Amino acid sequence: MFLSLGRHVDVYFPPRKRSRIIAPFVFSGERFEQKRASIDVLPDECLFEVFRRLPGGQERSSCAGVSKRWLMLLSSIRKEEICTSNSTRSLEPKEISVSVKAIKPSETNKKGGVAVEKVESEAAEDQDCDGHLSRCLEGKKATDVRLAAIAVGTGSRGGLGKLSIRGNNISRGVTNLGLKAVARGCPSLRALSLWNVSSVGDEGLLEIAEGCPLLEKLDLSQCPAISDKALLAIARHCPNLNSLTIESCSNIGNESLQTVGRSCPSLKSIVVKNCPSVGDQGIASLLSSATFSLSKVKLQGLNITDVSLAVIGHYGKAITDLALIGLQNVSERGFWVMGNGQGLQKLRSFAITSCGGVTDVGLEAVGKGCPNLKQFCLRKCSFLSDNGLVSFVKSAGSLESLQLEECHRITQSGFFGVLVSRVGNLKALSFANCLGIKDSTLRFSVMSLCKSLVSLSIQNCPGFGNASLAMVGRLCPQLQHVDLTGLHGLTDEGLLSFIESCDAGLAKVKLSCLNVTDKVISALAKQHGGTLELLNLDGCRSFTDASLVAIAEDCFLLSELDVSKCAITDSGIAALACAVQLDVQILSISGCSLVSDKSLPSLAKLGETLLGLNVQYCHGISTGVVDLLVERLWRCDILS
């Protein structure tokens, strides 16, 4: 009909209002496709205002799981910026949850989002509150996204109390952005540890200083990008700081340590290790400012001199634990002045390692200046002689534990001089890798007995032989704990004489890597079986099933037995299993190649009391038998 109309015929069309296109469209061939409206078109400022008005922590955690963009926005909201007005509280949580579910997490995750479960797990992992939650991120798990999720997930329940970051993720490790999220979302943070995190600098730690004023413990290790600027801010904004550890931070120096001493009145522990920029000025100022609070000090690998030791001796009035390691620039004078400073009256534990300034004169002064010293450890000090050691022990009248390692000028005279120095409180004595000790016969008065000594450890001192051990047995009749490891000069004769001399009853005995036979174990079990609780025979290849039979018959209090790399067989294990009174809880037969699958019934019977079993490198025990043991001994930890 319309085709028949002419060219000039007018057709009237009523005017129509133009419709507004609300959403964008895409032209594909001859078809128009309209996109669905999305909240992602809103700028960050608008989303920020929306997120800070969410009524609760659960809603914030759900929103953070939608996408990485939402997560980072939520983690940037400080606790004081969250709106808590009545109008906001009137919002229905149901409506918000529906709006969050309307956006599928699977779609946003493809664009760099995070899983909802990750954020919600941070909110539900612990039930503690008030800043007592703790998190530790290692290796690949240490990322900014993870920290943001922790900050959002824990923020509604008191926040994070302890955070430890160990290792650096090369591709997307922790940066200043991650620490900013923690600072804004976890104002109750009390302990922060950063180990080997090279991508974190001053900016991130400045945020921690401003956002976490309750910080009490800070541990920085191998953080080259952190300088004095960050530590200055921590000192000024965190007055509750009581523990500070700085290790291998090349840009931290004297200025920040001075401020820490002046601004942190609660500082109790300081550890400074391998920081080349730290010198006498920083250490001296810190110690003099914290003279009445600082109780634990550890200085290692620093360019400090005798000046710092003098300050320690004068201002260390509250120090109870002191460790000086690898201080190459200190001399005998420094230790002498430190001992005569009369400030270390409360010192109880003192450890010195690789300090060339330790001599006879300096050590004697230290002993006189520390009247309450209980524990003393000396390692790799090659200038100390027998006279200096004995003089120190006599001066330190309260000494209870003495440990020496790699002090090669100490001979047999120094060792026995300590025992007969009439120190009535000495309870534990340990010598390790002291090559100057040579076996010889010495004579001491019977009146010089060391009746207070209950623990003796002699390790890898090749010159310590039968004569020395027999003399120890006569001088120290009250020994209960004995560790004789790597003493190849000992034989059955020396050990048998020593065992007979111990009147108090041996409770813990370690005879590792010795060339002795079953006679020693038989005598030990017969004379001390009623008191023996621990027996370690690791590496004694001459011990056979006869030793296990003696143990099974006489050692009814034994709870821990180690016969690794011994010549025992299935018969010895069966003898242990048949012992009625034996109640072994820890058993190690590692490296016993003669033990086979035949020991399965015996091990299963022993498993009624066992809490730990080591069958590593037992090539005669098959994998199937190990699986059966794991299945039957369900409460026993098995190493295989």
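Residues numbered from 1 in each chain as written. Predicted model: local features only at pLDDT ≥ 70, side-chain atom pairs only at ≥ 80, totals over all residues. Heavy atoms only, no water.

### Some remarks on helix α22 (residues 545-554)
Along an α-helix, a turn takes 3.6 residues, which lines up residues three or four apart on a common side.
Step number 1: Regarding α22, the residues found buried are D545, S547, L548, A550, I551 and A552.
Step number 2: Check the buried side of α22 and you find it contacts α21 (518-528), β18 (534-536), β19 (560-562) and α23 (570-578). (Buried < 20%, exposed > 50% of the residue type's maximum accessible area, 1.4 Å probe, protein only. Helix = DSSP H or I, 4+ residues; strand = E, 2+ residues; numbered from the N terminus. Contact = heavy atoms within 4.5 Å.)

### Considerations on the pattern of salt bridges
Step number 1: Scanning the entire structure with this criterion turns up 9 salt bridges.
Step number 2: As a salt-bridge pair, R166 and E138 come within 3.8 Å of each other at their nearest N and O atoms. Note that R166 is positioned in strand β4 (residues 160-166) and E138 in strand β3 (residues 133-138), a separation of 28 residues in sequence.
Step number 3: Note that D538 is salt-bridged to K565, the shortest N-O span being 2.9 Å. (Salt bridge = Lys/Arg side-chain N within 4 Å of Asp/Glu carboxyl O.)

### Details of a nonpolar patch on the surface
Step number 1: Together, I39, V41 and L42 make up an exposed nonpolar region whose accessible area comes to about 250 Å².
Step number 2: Along the polypeptide, I39 turns up in the loop between β2 (31-34) and α1 (44-51). (Patch = residues over 30% accessible without salt bridge, like charges linked within 9 Å, V, L, I, M, F, W, Y side chains within 5 Å. Areas by Shrake-Rupley, 256 points an atom, 1.4 Å probe, with all protein chains shown as cover.)

### Looking at the nonpolar core
Nonpolar side chains in soluble globular proteins tend to be buried together.
Step number 1: If you look at the biggest cluster of nonpolar residues, it comprises 175 residues, and the most contacted ones within it are L194, I208, L324, F431 and I589.
Step number 2: The leading source of residues in this core is helix α8 (residues 144-155), at 7 residues.
Step number 3: Setting aside chain neighbours within four positions, we find I208 in contact with L179, V182, A183, L189, L192, L215 and I234.
Step number 4: Listed in part, the 8 residues of the second largest apolar core include F48, C63, V66 and W70. (Core = buried A, V, L, I, M, F, W, Y, C linked by side-chain atoms within 4.5 Å.)

### Examining the confidence of the model for the chain
Step number 1: Residue-level pLDDT values for the chain average 84, and 82% of them are 70 or greater.
Step number 2: Confidence over residues 1-6 falls short of pLDDT 50; this stretch has 0 contacts with residues more than four positions distant or in other chains.
Step number 3: Contacts for the low-pLDDT stretch residues 87-117, under 50 throughout, to residues beyond four places or in other chains number 41 contacts. (pLDDT = per-residue confidence, 0-100.)

### With respect to helix α18 (residues 412-419)
Step number 1: Within α18, 7 of the 8 residues are buried, which leaves the element mostly enclosed by the surrounding structure.
Step number 2: Of the residues making up α18, those classed as buried are Q412, G414, F415, F416, G417, V418 and L419.
Step number 3: Each element contacted by the buried residues of α18 is listed here: α17 (386-395), β13 (401-405), β14 (428-432), β15 (455-459) and α19 (466-475).

### Details of the pairing of strand β10 (residues 321-325)
Step number 1: The buried count for β10 comes to 4 of 5 residues, which makes it a mostly enclosed element.
Step number 2: Across 5 bridges, the pairing between strand β9 (residues 296-300) and β10 is parallel. Of the residues in β10, the one forming a bridge with L299 is L324.
Step number 3: For the segment spanning β9, helix α14 (residues 306-315) and β10, crossover handedness is right-handed.
Step number 4: The pairing of β10 with strand β11 (residues 349-353) spans 5 bridges and is parallel. The residue of β11 that forms the bridge with A323 is A351.
Step number 5: Since β10 and β11 lie parallel, the crossover through helix α15 (residues 332-340) that links them has a hand, and here it is right-handed. (Pairing = 2+ DSSP bridges. Right-handed = clockwise from strand over helix to strand, strands pointing away.)

### Digging into empty space enclosed by the protein
Step number 1: Per the counting criterion, the structure on display carries 3 cavities of 30 Å³ or more.
Step number 2: Considered as a void within the structure, the largest cavity measures approximately 40 Å³ in volume.
Step number 3: Lining the largest cavity, in full, are V482, L495, F498, I499, L506, V509, L511 and L524.
Step number 4: Here the lining of the largest cavity is built from residues that sort into 8 nonpolar, no polar and no charged. (1 Å grid on protein atoms, 1.4 Å probe; cavity = no way out; pocket = protein on both sides within 12 Å on 5 of 7 lines; lining within 4 Å. Points joined across faces, edges and corners; volume = space filled by probe spheres on them. Nonpolar A, V, L, I, M, F, W, Y, C, P; charged D, E, K, R; others polar.)

### What about the packing of helix α9 (residues 176-185) against helix α10 (residues 202-211)?
Step number 1: Put simply, α9 and α10 touch, their axes get as near as 8 Å, and they point 5° apart. The angle between α9 and α10 places the two elements in the roughly parallel class. On α10, the residues touching N176, L179, K180, V182, A183 and R184 of α9 are E203, G204, L205, E207, I208 and G211.
Step number 2: Partitioning the contact of α9 with α10 into residue classes produces 5 nonpolar, 3 polar and 4 charged. (Axes fitted to C-alpha atoms, helices over the stretch in contact; angles between N-to-C directions. Parallel < 35°, antiparallel > 145°, perpendicular 65-115°, else oblique.)

### Details of the side chain of N254
Step number 1: Looking at the secondary structure, you find N254 in helix α12 (residues 254-263).
Step number 2: Judged by its relative accessible area of 17%, N254 falls in the buried class.
Step number 3: Separated by 2.8 Å, the side chain of N254 and the backbone nitrogen of G279 make a polar contact.
Step number 4: In this structure N254 touches D228, S277, V278, G279, Q281 and G282, once residues within four positions along its chain are discounted. (Polar contact = N/O pair within 3.5 Å; in protein donor to acceptor, adjacent residues only side chain to side chain.)

### A closer look at the packing of aromatic side chains
Step number 1: Considering all chains together, one arrives at 5 aromatic pairs under this definition.
Step number 2: Between F350 and F376, the aromatic rings sit 5.8 Å apart at their centres with planes inclined by 65°, giving edge-to-face as the arrangement. In this pair, F350 is assigned in strand β11 and F376 in strand β12 (residues 375-379), connecting sequence segments 26 residues apart.
Step number 3: Judged by its relative accessible area of 2%, F376 is buried.
Step number 4: For the pair F415 and F431, a centre-to-centre distance of 5.0 Å together with 80° between the ring planes defines the contact as edge-to-face. Placement of the pair is F415 in helix α18 and F431 in strand β14, with a sequence separation of 16 residues.
Step number 5: Taken together, the ring pairs in this structure connect F415, F416, F431 and F464 into an aromatic cluster. (Phe/Tyr/Trp six-rings, centres within 6.5 Å; stacked < 30°, edge-to-face > 60°.)

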